[in-house]
Structure formats: C-alpha cells, structure tokens
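Next come the chains, spelled out residue by residue.
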Amino acid sequence: MQQKKNSPRSSALLVLTAFIWGVAFVAQSEGMNYVGGFTFIGVRYLLGGLTLVPVLFLMKGKDPEHTGPDESRGRSGSLSRRTRTGILGGVCCGLCLVTASSLQQFGIAETTVGKAGFITALYIVLVPLFGIFLHRRVGFHIWASVGLAVVGMYLLCITEGFSVGRGDFLVFLCAIGFTFHIMVIDYFSPRADGVLISCVQFFTAGVVGSILMFLLEKPSLDGILAAWLPIGYAGVMSSGVAYTLQVIAQKNLDPAIACLIMSLESVFSLLAGWILLGQILSLREMLGCGLVFVAIVLAQLPEKQG
C-alpha cells in the first residue's frame, strides 16, 4: 500500500475543519436561546443532509469508488448491495448521531462551551477502550491516556462537594454516544460510500429530531428564523462543509496524524467560548482540560511495533 505523503495543504484543511467544529459548540449554545434542543437538532441535520446532496452527486463523478448512475442499480433495477449497505449504515449512524447530539445539545445548555468540547472529545480515548469488547488489543498508551483522562475529568467536572453538574454528565454520556457512532461508522465505511452514509445519517437524525420536536416541544417558525445563524452554521458549516473538507483532506494524510489534528476541535471550542461568549474557566478546570487534551493526543499515538 502506498504511504500517504501528509500534505501540508491537507493538514491546513483539517485544522480548518477542527476550527469549524469547535465554533459549532458556540452555535449550539446560542441556538438554545431561541428554540428547543430537538428543534435545533431536527432543523440542523435536515439542513446538513440537504447540503451534502450536491456533494454526493459531485463525488460520484470524480471518485472511482463511487458508482455512476447506471452502476448504482443491479440487473433487475434494484439498488446495488453497496448502495443498500450505505443506506442501512446511514440509518444506523443517524440513530447514534441523534442520540449523542441530543445529550450534547441539552448538556451544553447547562455547562460551558469549553468544558463541553473537551468532554465530548473523550470519544477519541473511549473508542480504542471500547474495542476491548470486540477483542481488539489495547496497548499501554491507551491505559495511560485513560488514567490521564480520569484525572482531567475529575479536575474539570467534580466540585468540592464531590458532585457532578448535570450538564457535564449529559455531555459525558454524549461522548459515549459518539463512541458508538464512530464504531458503527468503522463497521459500515469499508462496505459503502462514505458520503452516502453521511448524507443518509443527517437526514435520519433530522427526521428523528423533528418527530421529537413536534412530540415534546412547541416549535415556532419565528423561533427558528430567529435562530437562523446558529442553526445555519451548525447545519451548513459544521455538517456539510466540514465533512467535505474532512473527506478531501484525509485522502492525503496518515490516519493517526488526521486524528491528532481533528482533536484540536476541543481547543478551538475553549477559545470560541472565551472570545465569543466570555466564558472563562478556573485554573483547576484549565488544568483538567490540559490533562484531557494530553490523554486525547496520547490515545492517537501509534504503538511501537515489536
């Protein structure tokens, strides 16, 4: 297999991707001032799915792994196995996504943007740890990163009265949800088109979010229009644009390096919360963020081969 060249241009694109995702935490926090959590999620992901539709057709024409219009159907006119798998994978990913995003959305409303970014990023540590249940070997550096993450989370979330804020707890559950989301993607992505999976997952999450919106909230067009900027940013930039940049950039980057760059999302969320919302963390919380970030980086370092 040809080794990737780790293009500086691709690295820059992934830094931009991490920046877009980091600022999206601010958009999610601000969106709750105008609409309910499920309303935000439903409209956001429907918008994200619509954004990816033209990307889906564009990638079909340029990527040899994507089948053309005539090849997407079998001899009997039914969808090909790869397309059916992509749709199934998208639905499964969408269900995981809407669960994790809902926990994150309601958690952000009760904690700071910076803390939410670092807690969410723990999925990078949890994914290899959960791999134990799939009989995957876990190296010493993973266990070390888990230890650092635990100490960091203690400093970041546990108060002097040894209690955990509800918002922090919801965001931690969200990190577990995104862990399952990544594992589902890991299963389906080699078997189907990644852009198709992502497009379907956004529509699935959007539909489920919209159903919950009508069942549990009282959405209004005025509220949605008032939240057009945070919803638009989260839907178009964080979903459609950032995902497209990620797909383009990762083609010329080593996966380990790509994960390290994308982990900057947590740092950008902290900076965005400080600059845009004036949210300042205490010295204890900053130290916790630092330990969590070191754990995230350590979890992505390649293990030495014996």
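Throughout, a residue's number is its position along its own chain's written sequence, starting from 1. Confidence filtering applies because this is a predicted model: local features only for residues at pLDDT of at least 70, side-chain atom pairs given and counted only at 80 or more, and all residues used for totals across whole chains, interfaces and linings. Hydrogens are left out, water is left out, and the side-chain values use all remaining heavy atoms of the structure.

Take the overall build of the protein chain next. Each helix is a run of DSSP H or I of at least 4 residues and each strand a run of E of at least 2, with the numbering of both proceeding from the N terminus. Of the regular secondary structure elements, the protein chain holds 13 helices and zero strands. For the protein chain, the α and β elements follow one another from N to C terminus as α-α-α-α-α-α-α-α-α-α-α-α-α. For the protein chain, restricting intrachain contacts to residue pairs at least 6 apart in sequence, the fraction spanning at least 24 positions comes to 88%. Each accessible area is a Shrake-Rupley estimate made with a 1.4 Å probe; only the visible protein chains count as cover when residues are assessed. Element-wise, carbon and sulfur atoms account for 68% of the exposed surface of the protein chain, whose accessible area totals about 15500 Å². Whether two residues touch is decided by their heavy atoms; if any such pair falls within 4.5 Å, the residues are in contact.

Let us now look at the packing of helix 4 (residues 113–120) against helix 6 (residues 140–157). The angle between two axes is taken between their N-to-C directions and runs from 0 to 180 degrees, where each axis is a line fitted to C-alpha atoms and a helix contributes only its stretch in contact. Remark: helix 4 packs on helix 6, axes separated minimally by 11 Å, with the N-to-C direction vectors making an angle of 160 degrees. Comparing the axis directions of helix 4 and helix 6 gives the class roughly antiparallel. For the crossing formed where helix 4 meets helix 6, the hand is left-handed. Taken together, the residues of helix 6 that come into contact with helix 4 (itself represented by Lys 115, Phe 118 and Ile 119) are Met 153, Leu 156 and Cys 157. Comment on the angle field: the value is read as roughly parallel under 35 degrees, roughly antiparallel over 145, roughly perpendicular from 65 to 115, and oblique elsewhere. By definition, any crossing whose near helix is turned counterclockwise from its far helix by less than a right angle is left-handed, and any crossing with a clockwise turn is right-handed.

With respect to the helices and strands, Ser 210 occurs in helix 8 (residues 194–216). The residues contacting Ser 210, other than those within four sequence positions of it, are Gly 42 and Leu 46.

Each Phe, Tyr or Trp ring (for Trp, its six-membered ring) is paired with any other whose centre lies within 6.5 Å, and the angle between the two planes then decides the class: stacked below 30 degrees, edge-to-face above 60, tilted in between. If you walk through the whole model with that rule in mind, you get six aromatic pairs. Measuring from centroid to centroid gives 5.4 Å for Phe 19 and Phe 268, while their planes differ by 85 degrees, and the two rings are edge-to-face. Highlighted residues: Phe 19 in helix 1 (residues 8–31) and Phe 268 in helix 12 (residues 265–277), separated in sequence by 249 residues. Under the scheme applied here, a residue whose accessible area is under 20% of the maximum for its type counts as buried, over 50% as exposed, and between as partly exposed, the area being computed with a 1.4 Å probe on protein chains only. Accessibility expressed as a relative area gives 40% for Phe 19, which makes it partly exposed. For Phe 268, a relative accessible area of 19% gives the class buried. Between Phe 130 and Phe 180, the ring centres sit 5.6 Å apart and the planes meet at 80 degrees, which makes this aromatic pair edge-to-face. Note that Phe 130 is positioned in helix 5 (residues 123–130) and Phe 180 in helix 7 (residues 166–188), a separation of 50 residues in sequence. On the basis of relative accessibility, which here comes to 18%, the residue Phe 130 falls in the buried class. Look at Phe 180 and you get partly exposed, because its relative accessible area is 43%. Cation over ring: Arg 191 sits above Tyr 187, and NZ or CZ is 4.0 Å from the ring centre. A ring is scored as having a charge over it whenever the NZ atom of a lysine or the CZ atom of an arginine sits within 6 Å of its centre and within 35 degrees of its normal.

With that out of the way, let us pick up the confidence of the model for the protein chain. Confidence scores here are pLDDT values: one per residue, from the predictor, ranging 0 to 100. On average, residues of the protein chain carry a pLDDT of 84, and 88% of them reach 70 or more. No element of the protein chain has a lower mean pLDDT than helix 11 (residues 255–262), at 73, and none a higher one than helix 9 (residues 221–226), at 94. The model gives residues 67–72 a pLDDT under 50, and that stretch makes seven contacts with residues more than four places away or in other chains.

Salt bridge criterion: a side-chain nitrogen from Lys or Arg within 4 Å of a carboxyl oxygen from Asp or Glu. Applying the stated rule across the entire model yields three salt bridges. Notably, a salt bridge pairs Glu 110 with Arg 166, separated by 2.3 Å at the nearest N-O pair. Of this pair, Glu 110 sits in the loop between helix 3 (81–108) and helix 4 while Arg 166 is found in helix 7, placing the two residues 56 residues apart along the sequence. We classify Glu 110 as partly exposed; its relative accessible area is 44%.

With that out of the way, let us pick up a nonpolar patch on the surface. Residues enter patches when they are more than 30% accessible in relative terms and free of salt bridges; like-charged ones are connected within 9 Å and nonpolar ones (Val, Leu, Ile, Met, Phe, Trp, Tyr) within 5 Å. Among the surface-exposed residues, Leu 271, Trp 274, Ile 275, Leu 276 and Ile 280 lie close enough to one another that they form a single nonpolar patch of about 570 Å² accessible area. Within the element layout of this structure, Ile 280 appears in the loop between helix 12 and helix 13 (283–300). Taking the relative accessible area as the measure of exposure, Ile 280 reaches 65% and is therefore exposed.

Bringing the environment of Glu 217 into the picture now. By the element assignment, Glu 217 lies in the loop between helix 8 and helix 9. For the pair Glu 217 and Gly 37, spaced 180 residues apart in sequence, the C-alpha to C-alpha distance is 8.7 Å. Apart from residues lying up to four places away in sequence, Glu 217 is in contact with Gly 36, Gly 37, Phe 38, Thr 39, Phe 106 and Leu 212. Pairs of N or O atoms are called polar contacts if they sit within 3.5 Å, as long as, within protein, a hydrogen donor faces a hydrogen acceptor (for residues adjacent in sequence, only side-chain-to-side-chain pairs). Separated by 3.0 Å, the side chain of Glu 217 and the backbone nitrogen of Phe 38 make a polar contact.

A word on helix 6. Multiply 1.5 Å by the residue count of a helix minus one, and that product is the helix's expected span. Here helix 6 spans 26 Å end to end across 18 residues, near enough to the 26 Å set by a 1.5 Å rise per residue. Inspection of helix 6 places His 141, Ile 142, Ser 145, Val 146, Ala 149, Gly 152, Met 153, Leu 155, Leu 156 and Cys 157 among the buried residues, and these make up the whole buried set. Buried residues in helix 6 make contact with helix 4, helix 5, helix 7 and helix 13.

Right, let's talk about the environment of Val 127 for a bit. Among the structural elements, Val 127 can be located in helix 5. Linking Val 127 and Phe 178, residues 51 residues apart in sequence, is a C-alpha distance of 8.8 Å. Each residue touching Val 127, except ones within four places of it in the same chain, is listed here: Thr 179 and Ile 182.

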